[in-house]
Structure formats: structure tokens, C-alpha cells
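One letter stands for each residue in the lines below.
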Amino acid sequence: AQRVTQPEKLLSVFKGAPVELKCNYSYSGSPELFWYVQYSRQRLQLLLRHISRESIKGFTADLNKGETSFHLKKPFAQEEDSAMYYCALSINSGYSTLTFGKGTMLLVSP
Amino acid sequence: DAGVTQSPTHLIKTRGQQVTLRCSPKSGHDTVSWYQQALGQGPQFIFQYYEEEERQRGNFPDRFSGHQFPNYSSELNVNALLLGDSALYLCASSKTGTGPYEQYFGPGTRLTVT
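Residues numbered from 1 in each chain as written. Chains lettered and ligands numbered in written order. Predicted model: local features only at pLDDT ≥ 70, side-chain atom pairs only at ≥ 80, totals over all residues. Heavy atoms only, no water.

Concerning the interface of chain A and chain B
Size of an interface: often given as the accessible area lost when the parts come together.
Okay, step 1: Contacts between the two partners involve 18 residues from chain A and, on the opposite side, 23 residues from chain B.
Okay, step 2: Summed over both partners, the interface of chain A with chain B buries about 1800 Å², with 53% contributed by carbon and sulfur atoms.
Okay, step 3: The largest per-residue losses of area from chain A upon contact with chain B belong to Arg43(A), Tyr95(A) and Ser96(A), which jointly make up 33% of the total buried on that side.
Okay, step 4: Our count for the chain A to chain B interface comes out at zero salt bridges. (Contact = heavy atoms within 4.5 Å. Buried area = accessible area lost by both parts, 1.4 Å probe. Salt bridge = Lys/Arg side-chain N within 4 Å of Asp/Glu carboxyl O.)

This is how it looks when you write it as C-alpha cells:
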């Protein structure tokens, strides 16, 4: 069965510092990987997905199939980035079902 | 479009009782998925409904059942509630054939079992 691991429960950085939220997955096939974000008192929303290879709000994530990782990075953290971040994978995009990690809380201090 | 809506927002039940949660999908969506998010955990897939039938199911007991109506709205029913069923229940909607990136989540229903 597929699994997503986010080793850090909490990541605390200062404004302007680089950020890397770690995500590792286990699945024998080729999954689709995603990062979801949940800001305080808001609903869960998609941040980015590996297929699009885009940068959203300054965040990027590269899929490393050799290391089965999909780490989320941002060179300069902003206070408004403070939120809960979930890494997720899908093994059957037609059905849209997702397997989530436990999440990492990112706290950016001024 | 209000997006995905869920009701109620919160509810408190006693062990052994039964509960029904409701979800209205985003306009144009025909598929509804339910997730359970326990405290400190990520969302865990319960099941998915399409064309009024359960299409996929996660690793949840039969106490968890659902329904989808002709207007695509959905209900999640949990029987014989356990303390461990206390969680945030999320509904997500999508249009079949699109990928997970086209899935939108509701605000959730917070269930507390005492």
C-alpha cells in the first residue's frame, strides 16, 4: 500500500530564511505527488503538483524518484506562509483519491 | 458558487449513537469523496461516490456508509459511534475524469464522540 511520510511536525523559521518541508513516499508505481496547504481557519487547498512543475507563491517541489521524495522549498519565507502543509499522492488520477502525510506546521516569525 | 459546503459545522454525539453528515459539491462536480482527519493526522480516505454508487473505499469498517443523491450531494453515516471516531470529516468534490488537482475540499464537520 502507498504511504506518505512527513518527518517534521513543526518547522519554525524567521522571515527571509529558506524553507524546506520534507516529504517521502512509498509506492512501487508512478504516483502523482501534491502539496496541499491549510491556512488558519481556511479549508484545505491545493498548493502545487509535480506534473505542472510550476512555482506557486514562491514554492517549488521537485519529484526525486530515486529517493522517492517530493520536498517543498521556498528561498525566502514570509510570515503569510505560516500554515499547515500536507504532502499527498494519488495512484489513480481518474478517481482523484489521495493519500496524505501527517502534515508539517510551518511557523514563520518576524 | 459557494464551493463545497458541509453541514453541520460541529456536533457532539454519545458512544453507540449514529450520525449523519452532509455534503453539497461544487457546482458542476459529480463525484464526492469523504475523508476523516483525526487530531494531528492528515486526512484519510473513507470512500468515494459517483453516479449514486460507492466507487472506491478506503480501510474503514462497515459502520461507515454513505449515499449520493441524484443532485450529487452526499451523506456520510456512521453507526455505533466509538470514541475513536472523533475527528474532522472532510468532503471533497470533483468532476469525474479530472485529476486530484481538480478536487475541492469543504470546510469539514467536527464530530466529537463522548
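Re the sheet that holds strand S1 (residues 5–7) of chain B
All names here are of chain B.
Okay, step 1: Spatially, the four strands line up as an open sheet ordered S1-S3-S8-S7, and their pairing is antiparallel. Every interior strand has two partners, whereas the edge strands, S1 and strand S7 (64–68), have only one. Put simply, the sheet's adjacent strands are angled 20° from each other on average, direction ignored.
Okay, step 2: Where S1 and strand S3 (residues 19–24) come together, three bridges link them in antiparallel fashion. Among the inter-strand pairings, Thr5 is bridged to a residue of S3, identified as Ser24. (Pairing = 2+ DSSP bridges. Helix = DSSP H or I, 4+ residues; strand = E, 2+ residues; numbered from the N terminus. Axes fitted to C-alpha atoms, helices over the stretch in contact; angles between N-to-C directions.)

Describing the side chain of Gln6(A)
Residue and element names in this part refer to chain A.
Okay, step 1: Residue position: Gln6 is located in the loop between strand S1 (3–5) and strand S2 (10–14).
Okay, step 2: Residue class for Gln6 comes out buried when judged on its relative accessible area of 9%.
Okay, step 3: A polar contact of 3.0 Å, which involves the side chain of Gln6, links it to the backbone oxygen of Tyr85.
Okay, step 4: Within the local environment of Gln6, its side chain forms a polar contact with the backbone nitrogen of Gly103, the two atoms lying 3.1 Å apart.
Okay, step 5: The residues touching Gln6, leaving out its near neighbours within four places in the chain, are Lys22, Trp35, Tyr85, Tyr86, Cys87, Gly101, Lys102, Gly103 and Thr104. (Buried < 20%, exposed > 50% of the residue type's maximum accessible area, 1.4 Å probe, protein only. Polar contact = N/O pair within 3.5 Å; in protein donor to acceptor, adjacent residues only side chain to side chain.)

Focus on the pairing of strand S8 (residues 74–78) of chain B
Residues and elements named next belong to chain B.
Okay, step 1: Burial runs high along S8: five of the five residues are buried.
Okay, step 2: Judged by which residues are buried, S8 turns out to be covered on both faces: Ser74, Leu76 and Val78 on one side and Glu75 and Asn77 on the other are all buried.
Okay, step 3: Relative to S8, S7 runs antiparallel, the two being bridged by five bridges. Bridge pairing in S8 places Gln68 opposite Ser74.
Okay, step 4: The turn linking S7 back onto S8 is made up of five residues, and Tyr72 within it adopts a positive phi angle of 80°.

Overview of the nonpolar core
Okay, step 1: Within the largest apolar cluster, 24 residues are counted, with the highest numbers of intra-cluster contacts made by Trp35(A), Leu72(A) and Tyr85(A).
Okay, step 2: Elements supplying a minimum of two residues to this core: S2, strand S3 (19–21), strand S5 (32–38), strand S6 (45–49), strand S9 (83–90) and strand S11 (104–109) of chain A.
Okay, step 3: With four residues, S9(A) is the largest single contributor of residues to this core.
Okay, step 4: Ranked by size, the runner-up nonpolar core spans 20 residues in total, among them Phe47(B), Tyr49(B), Val78(B) and Ala87(B). (Core = buried A, V, L, I, M, F, W, Y, C linked by side-chain atoms within 4.5 Å.)

Some remarks on the pattern of salt bridges
Okay, step 1: Counted by the stated rule, this structure contains eight salt bridges over all chains.
Okay, step 2: Between Lys73(A) and Glu20(A) there is a salt bridge whose closest N-O contact spans 3.7 Å. Placement of Lys73(A) in strand S8 (residues 72–74) and of Glu20(A) in strand S3 is noted, with a sequence separation of 53 residues between them.
Okay, step 3: Taking the relative accessible area as the measure of exposure, Lys73(A) reaches 42% and is therefore partly exposed.
Okay, step 4: Judged by its relative accessible area of 30%, Glu20(A) falls in the partly exposed class.
Okay, step 5: For Arg63(B), the salt bridge goes to Asp85(B), with nearest N and O atoms at 2.8 Å. With Arg63(B) in the loop between strand S6 (53–57) and S7 and Asp85(B) in the loop between S8 and strand S9 (87–94), this pair connects stretches of sequence that are 22 residues apart.
Okay, step 6: Residue class for Asp85(B) comes out buried when judged on its relative accessible area of 4%.
Okay, step 7: Each of Glu20(A), Lys22(A) and Lys73(A) takes part in salt bridges that share partners, so that together they form one network.

On their own, these measurements won't tell you what the molecule is for.
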